[in-house]
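# Topology and contacts: notes
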Amino acid sequence: MELFAVCSTFEIEDHSARGFVLQKAVEKDGQKVGEPWPIVISRKGRNYYGFENSCPHQGKQLDAGLEDFMDEAGNFIVCRHHGAQFDLDSGACFSGPCQGQNLKTIQIVVDDGDVCIAGVELFEEDGLDLEDEGPGVMITSD
Ligand code: FES
């Protein structure tokens, strides 16, 4: 199974969530190109959960670019657009306009202190430089 390290485990605080923008490989006119793919990774203790950063209500990015995914009490992922609330671990929406729906889940594997995603073909596999990246790691194709 191919793993792609997104960040180190300590870079996501317990009971919080953090956004990243990866580049997904897509086929366009017979060529493989990268397409920005915003995701969110949440943490509960030693467990990590991955979701596409796309609200089931209107497909918008949950954090609206604010890089803040949590409700004030720090219990749930909240959508900044119309306030839908999601469980940190399952991504299930239990309140708001898309109640009963679910964030699209991404398989997460913790490997040797790294939070990795699995089972997704990414455009750029070697562009990750965790040393000097702030929150919201952007992997570009150059
Ligand atoms: S787009 Fe998320 S609640 Fe409406």
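Presented here is a report on the structure given in the accompanying data block. (Residues numbered from 1 in each chain as written. Predicted model: local features only at pLDDT ≥ 70, side-chain atom pairs only at ≥ 80, totals over all residues. Heavy atoms only, no water.)

A word on the overall build of the chain. On a plain count of helices and strands, the chain comes out with zero helices and ten strands. Out of the 142 residues belonging to the chain, those deemed buried represent 38%. A total of about 7700 Å² of accessible surface is found on the chain, and carbon and sulfur atoms cover 42% of it. (Helix = DSSP H or I, 4+ residues; strand = E, 2+ residues; numbered from the N terminus. Buried < 20%, exposed > 50% of the residue type's maximum accessible area, 1.4 Å probe, protein only. Areas by Shrake-Rupley, 256 points an atom, 1.4 Å probe, with all protein chains shown as cover.)

This model, assessed by the stated rule, comprises five salt bridges. One salt bridge connects K44 with D89, and the closest N-O pair in it is separated by 3.3 Å. Of this pair, K44 sits in strand β3 (residues 31–44) while D89 sits in the loop between β6 (85–86) and β7 (93–95); the two residues are 45 residues apart in sequence, bridging distant segments of the chain. Taking the relative accessible area as the measure of exposure, D89 reaches 29% and is therefore partly exposed. Note that K104 and E52 form a salt bridge whose closest N and O atoms lie 3.7 Å from each other. Taken as a pair, K104 in the loop between β7 and β8 (105–106) and E52 in strand β4 (residues 47–52) lie far apart in primary sequence, 52 residues in all. What makes E52 buried here is its relative accessible area of 16%. (Salt bridge = Lys/Arg side-chain N within 4 Å of Asp/Glu carboxyl O.)

Once that is clear, we can look at the sheet that holds β8. Ordered by their spatial adjacency, four strands build an open sheet running β2-β3-β4-β8, and the pairing between neighbours is antiparallel. In the strand order of this sheet, the two ends are held by β2 (16–28) and β8, each with one partner. Across two bridges, the pairing between β4 and β8 is antiparallel. Bridge pairing in β8 links G50 to I106. (Pairing = 2+ DSSP bridges.)

Let us now look at the environment of F4. With respect to the secondary-structure elements, F4 resides in strand β1 (residues 3–8). Separated by 114 residues in the primary sequence, F4 and A118 place their C-alpha atoms 6.5 Å from one another.

So yeah, pure geometry; function would need other evidence.
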